[in-house]
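Below are the chains, spelled out letter by letter.
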Amino acid sequence: MKQQASATSETQVKDRMIIDFSGKLIYVGIDVHQKDYQVAKVHDGICLGNHRMSADGDLLIKHLHSHYPGAEFKCVYESCAWGFNLQRKLTAAGVQCMVVHAADVSTSDKERKRKTDKVDALKLARTLAAGELKGIYVPDETIQKERNLIRYRSRLMRDINRSKNRIKSLLKYQGIEIPAQYAKNNWSQNFLTWIEQQAAKDELLADTLLLMLDQMKLLRQLLVKTEGKLRELRNGKYAVKVKLATSVPGIGATTAMQFLLEAGDINRFKGFDALNDFIGFCPDTDSSGETDRDRGITTRRHKQLRSALIESAWQAIRVDPALMNSYQELTKRMKGVHAIIRIARKLLRRLRAVLLTGIAYQKGVVA
């Protein structure tokens with residue numbers, strides 16, 4: 001007599017009798033890697049299977065529908081270097097899929113010390129089934145691609161600064177003193193000419209110094225091209241929103257574009273607190289019993305946006321009387337570096353308001 005396969009083993013039995021999963025909900029945890037996926041399936045607390053397969057979204061969809069016909073699926077995986085491609089592919093096929101922040105997935109001590117791909121995939125599936133996961137925002141694919149341009153600009157700026165520091169470090173190491181007029185980060189054409197003159201004086205040093213100088217010049221040229229592409233984007237589909245954002249004192253065109261591309265649709269935030277949490281202007285706390293510790297501004301933040309808004313706040317207090325007054329009042333009871341965080345938060349509130357209402361900000365009016 002042929003033995004019928006159980007729900008937990010039916011995926012491993014050759015010539016099995018397919019079980020009908022119509023009306024059943026299966027939670028799928030996926031541990032994503034470059035070459036393969038570890039896929040765990042859970043139904044009513046029972047693991048139906050936990051196997052490794054090729055990193056192919058179409059193959060995963062085919063596997064789920066062929067092994068569990070009629071079932072409804074809810075999938076989850078942690079955000080990773082491969083972005084949201086799998087999520088979009090599953091969603092397009094009618095399979096619900098959530099992407100979560102890895103730090104938001106609770107992990108037991110045993111799971112941490114005996115970590116494997118199977119453990120991770122099963123943990124995701126069971127945590128999703130328990131309703132303990134909240135997905136991160138999956139951006140529109142168009143905005144995600146446009147966002148790459150502003151991020152590339154940031155990387156170019158960092159690379160240019162590194163190139164400048166390398167050149168100065170080399171000059172210092174070789175005992176070449178930089179003239180006082182160029183000492184304070186002055187990278188004018190006159191300074192570049194001076195560096196070339198130093199290279200001409202030393203044949204052994206010339207090759208290295210000139211190559212490093214060529215690298216910096218090339219990065220500058222790339223930055224100019226990138227700025228041009230950003231200008232086209234800024235003056236095109238984002239023209240209206242950029243005009244509104246730059247009406248806020250301290251917010252420049254680049255910061256406005258960075259905010260619009262990184263934050264996306266401002267309406268996706270339920271309120272200011274949600275936006276504030278996303279940027280990271282809220283404090284971290286550690287309270288237990290009668291002990292209450294304030295750990296200062298949160299380490300969980302959008303690094304680029306928070307830095308950009310703090311820089312904008314320093315500019316804003318110079319041109320906006322209302323913000324300058326607020327800053328002066330705050331510095332009476334705290335350090336300036338702490339006060340500017342409050343000003344940056346006010347700036348964020350104003351930025352949100354103009355984008356929601358479509359009305360440009362009027363300088364000097366207390367928000």
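The notes below deal with the structure included here. (Residues numbered from 1 in each chain as written. Predicted model: local features only at pLDDT ≥ 70, side-chain atom pairs only at ≥ 80, totals over all residues. Heavy atoms only, no water.)

With respect to the environment of Thr 246
Turning to step 1, where the next piece is worked out: With respect to the secondary-structure elements, Thr 246 resides in the loop between helix H8 (239-245) and helix H9 (253-263).
Turning to step 2, where the next piece is worked out: For Thr 246, a relative accessible area of 32% gives the class partly exposed.
Turning to step 3, where the next piece is worked out: Each C-alpha atom of the pair Thr 246 and Asp 320 lies 13 Å from the other, and the pair is 74 residues apart in sequence.
Turning to step 4, where the next piece is worked out: Apart from residues no more than four positions distant in its own chain, Thr 246 is found in contact with Ile 251, Gly 252, Ala 253 and Ala 256. (Helix = DSSP H or I, 4+ residues; strand = E, 2+ residues; numbered from the N terminus. Buried < 20%, exposed > 50% of the residue type's maximum accessible area, 1.4 Å probe, protein only. Contact = heavy atoms within 4.5 Å.)

Comments concerning a positive patch on the surface
Turning to step 1, where the next piece is worked out: Side chains of Arg 155, Arg 158, Arg 301 and Lys 303 sit close together on the surface and give a patch of like positive charge.
Turning to step 2, where the next piece is worked out: Mapped onto the secondary structure, Lys 303 falls in helix H11 (residues 303-319). (Patch = residues over 30% accessible without salt bridge, like charges linked within 9 Å, V, L, I, M, F, W, Y side chains within 5 Å. Areas by Shrake-Rupley, 256 points an atom, 1.4 Å probe, with all protein chains shown as cover. Salt bridge = Lys/Arg side-chain N within 4 Å of Asp/Glu carboxyl O. Lys, Arg positive; Asp, Glu negative; His and termini not counted. Charge placed at Lys NZ, Arg CZ, Asp CG, Glu CD.)

Let's talk about the nonpolar core
Turning to step 1, where the next piece is worked out: Formed by 42 residues in total, the largest nonpolar core has its most connected members in Tyr 238, Phe 259, Ile 279, Ile 343, Leu 348 and Leu 355.
Turning to step 2, where the next piece is worked out: Of all the secondary structure elements, the ones that give two or more residues to this core are helix H5 (141-173), helix H7 (203-235), H8, H9, helix H10 (272-279), H11, helix H12 (321-330) and helix H13 (336-357).
Turning to step 3, where the next piece is worked out: A total of 10 residues in this core trace back to one element, the largest contributor, which is H13.
Turning to step 4, where the next piece is worked out: Contacts of Ile 343, omitting those with residues within four sequence positions, involve Ala 313, Ile 317, Leu 323, Ser 326, Tyr 327 and Leu 330.
Turning to step 5, where the next piece is worked out: Residues Tyr 37, Val 39, Val 95 and Val 99 belong to the second largest nonpolar core, which totals 23 residues. (Core = buried A, V, L, I, M, F, W, Y, C linked by side-chain atoms within 4.5 Å.)

Quick look at unusual backbone geometry
Glycine aside, residues mostly have negative phi angles, and peptide bonds mostly take the trans form.
Turning to step 1, where the next piece is worked out: The backbone phi angle of Asp 44 is positive, close to 55 degrees, even though this residue is not glycine.
Turning to step 2, where the next piece is worked out: Relative to the assigned elements, Asp 44 resides in the loop between strand E2 (36-43) and strand E3 (46-54).
Turning to step 3, where the next piece is worked out: Take Asp 44: its relative accessible area is 66%, and that puts it in the exposed class.

Quick look at the pairing of strand E1 (residues 25-32)
Turning to step 1, where the next piece is worked out: Of all the 8 residues making up E1, 7 are buried; the element is thus mostly covered by neighbouring parts of the structure.
Turning to step 2, where the next piece is worked out: Here 6 bridges tie E1 to strand E4 (residues 72-78), and the two strands are oriented parallel to one another. In the strand pairing of E4, Ile 26 is matched with Phe 73.
Turning to step 3, where the next piece is worked out: Pairing geometry for E1 and E2, over 6 bridges, is antiparallel. (Pairing = 2+ DSSP bridges.)

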